[in-house]
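# Breakdown of the fold
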Amino acid sequence: MNEESPLGFHRRWTRLKPPLRPDDQIVSAYRHAIEGHGKNILLLGVTAELADVGKKTTAVDISKKMIANAWPGDSETRRAVQGNWLDMPLQTREFTAAIGDGVLAGIPLAEFVTFFAQLARLLLPDARLAIRLYETPEPGETVAQVRAETMAGRIAGFHAFKWRLAMALAAEAKNPAVPVALIHQTFQRAFPDRTALSAATGWSLDDIEEIDAYDGKPMVYQFPTRRELLAHLPEIFANPRLVASGDYELAERCPILVADFHP
């Protein structure tokens, strides 16, 4: 997410797992997606697992804390730059690929024009775009359905559960924008007894307490449907296709959007 880490991601990063954080199979999917385009990569965010997928990488993140704590360090082949994805402090026509893991969840659909204009300024012709998505399915779940699945022990991981709950809120509201404070409020109403939740799911209370990072926070995450997202993708990002990112829990809602830049 392109934010000044108000949710403490730089401290919590090591606790995260797919679908929130890439594992080896997701990294492998990125390598395959940008095959032949890895000479000079623009990485949106400082996702350490993606720092070396190409020959040269420039990462852009707005958070000094994320750069200091999540980035594996600059070297001859990689560097991190502080900047906003809507106004990146980089040279034009420089990169052979742009990648980012879940980054569109931090960008409202109304700002896609600005975001993709930035990519268009920075990418070389025929560059490759590869971004892993968090997409709300159609038809979507309801909060009640997510609760029932959870208490029946049919959601294995807490992070997959969090995204399913958020996507259910997006589906019910018919609006991809989901305030993280609302995720927390909905969780509190649906699961008032955390001990019972832990017993039903096998999740530790420490894992469940991760939800409290959302309490009262101002961030708004975006969980568009596939149709909504593709409708906002500029035509200069041609031949868009969605490729599998692995077989981890919720992977079917987290494909990698791949497209070719043809200005």
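From a predicted model like this one, the values you see are computed outputs, not experimental measurements.

Definitions and limits used
- Residues numbered from 1 in each chain as written.
- Predicted model: local features only at pLDDT ≥ 70, side-chain atom pairs only at ≥ 80, totals over all residues.
- Heavy atoms only, no water.
- Helix = DSSP H or I, 4+ residues; strand = E, 2+ residues; numbered from the N terminus.
- Contact = heavy atoms within 4.5 Å.
- Areas by Shrake-Rupley, 256 points an atom, 1.4 Å probe, with all protein chains shown as cover.
- Lys, Arg positive; Asp, Glu negative; His and termini not counted.
- Charge placed at Lys NZ, Arg CZ, Asp CG, Glu CD.
- pLDDT = per-residue confidence, 0-100.
- Buried < 20%, exposed > 50% of the residue type's maximum accessible area, 1.4 Å probe, protein only.
- Pairing = 2+ DSSP bridges.
- Right-handed = clockwise from strand over helix to strand, strands pointing away.
- Core = buried A, V, L, I, M, F, W, Y, C linked by side-chain atoms within 4.5 Å.
- Axes fitted to C-alpha atoms, helices over the stretch in contact; angles between N-to-C directions.
- Parallel < 35°, antiparallel > 145°, perpendicular 65-115°, else oblique.
- Nonpolar A, V, L, I, M, F, W, Y, C, P; charged D, E, K, R; others polar.

We now examine the overall build of the protein chain. Across its full length, the protein chain holds 10 helices and 9 strands. Seen along its three principal axes, the alpha-carbon backbone of the protein chain occupies a region of about 55 × 35 × 30 Å. Excluding contacts between residues fewer than 6 apart, the proportion of contacts in the protein chain whose partners are at least 24 apart in sequence is 70%. Carbon and sulfur atoms provide 50% of the accessible area of the protein chain, an area that totals close to 11,400 Å². Taking the 29 positively charged and 33 negatively charged side chains of the protein chain as two groups, their mean positions are separated by 2 Å.

Let us look at the confidence of the model for the protein chain. Scored by pLDDT, the protein chain has a mean of 94; 94% of the residues are at 70 or more. This stretch, residues 1-6, has a pLDDT under 50; its non-local contacts, to residues over four places away or in other chains, come to 29 contacts.

In terms of burial, strand 4 (residues 95-101) is largely enclosed, as 7 of its 7 residues are buried. Looking at chain direction, strand 1 (residues 41-44) and strand 4 are connected through 4 bridges and run parallel. Along strand 4, the bridge assignment pairs Leu43 with Ile99. Across 6 bridges, the pairing between strand 4 and strand 5 (residues 123-132) is parallel. Among the inter-strand pairings, Phe95 is bridged to a residue of strand 5, identified as Leu123. The handedness of the strand 4 to strand 5 crossover, carried by helix 4 (residues 112-122), is right-handed.

The next point concerns the nonpolar core. With 58 residues, the main nonpolar core has Val46, Ile99, Phe161, Trp163, Ile183, Phe187 and Phe223 as its most contacted residues. Secondary structure elements with two or more residues in this core: helix 2 (24-33), strand 1, helix 3 (64-69), strand 4, helix 5 (143-151), helix 6 (158-173), helix 7 (180-190) and strand 9 (256-261). Per element, the largest residue contribution to this core is 10 residues, and it comes from helix 6. Formed by 30 residues, the second largest nonpolar core is a distinct cluster that contains Leu42, Val81, Leu119 and Ala120.

Another point: the side chain of Arg164. Looking at the secondary structure, you find Arg164 in helix 6. In contact with Arg164, other than residues within four places in its own chain, are Glu141, Val146, Glu149, Ile155, Leu250 and Arg253.

One open sheet holds the 7 strands; their spatial order is 3-2-1-4-5-9-8, and the pairing between them is mixed. In the strand order of this sheet, the two ends are held by strand 3 (78-82) and strand 8 (237-243), each with one partner. Ignoring strand direction, the axes of neighbouring strands in this sheet form an average angle of 20°. The sheet contact formed by strand 2 (residues 57-61) and strand 3 spans 5 bridges and is parallel. Considered in strand 3, the bridge of Thr57 is made with Arg78. Packed on one face of the sheet, helix 2 meets strand 4, strand 5 and strand 9 and runs near 160° to strand 5. Contacts from helix 4 reach strand 1, strand 4, strand 5, strand 8 and strand 9 within the one sheet, and its direction differs from that of strand 5 by about 135°.

We now examine the packing of helix 6 against helix 7. One way to put it is that helix 6 packs onto helix 7 with a least axis distance of 10 Å and a crossing angle of 105°. It follows from the interaxial angle that helix 6 and helix 7 lie roughly perpendicular. Side by side, helix 6 and helix 7 meet where Phe158, Phe161, Leu165, Ala166 and Leu169 of the first sit next to Leu182, Ile183, Thr186 and Phe187 of the second. Along the lines of polarity and charge, the residues of the contact of helix 6 with helix 7 split into 8 nonpolar, 1 polar and no charged.

On to unusual backbone geometry, then. Residue Pro18 is joined to Pro19 through a cis peptide bond whose omega torsion reads 10°. For Pro19, the position within the fold is in the loop between helix 1 (9-12) and helix 2. Omega for the bond connecting Glu138 with Pro139 falls within 30 degrees of zero, at -5°, which places this linkage in the cis form. Mapped onto the secondary structure, Pro139 falls in the loop between strand 5 and helix 5. Backbone geometry at Lys174 places phi at a positive 55°, although glycine is not the residue there. Relative to the helices and strands, Lys174 resides in the loop between helix 6 and strand 6 (177-179).

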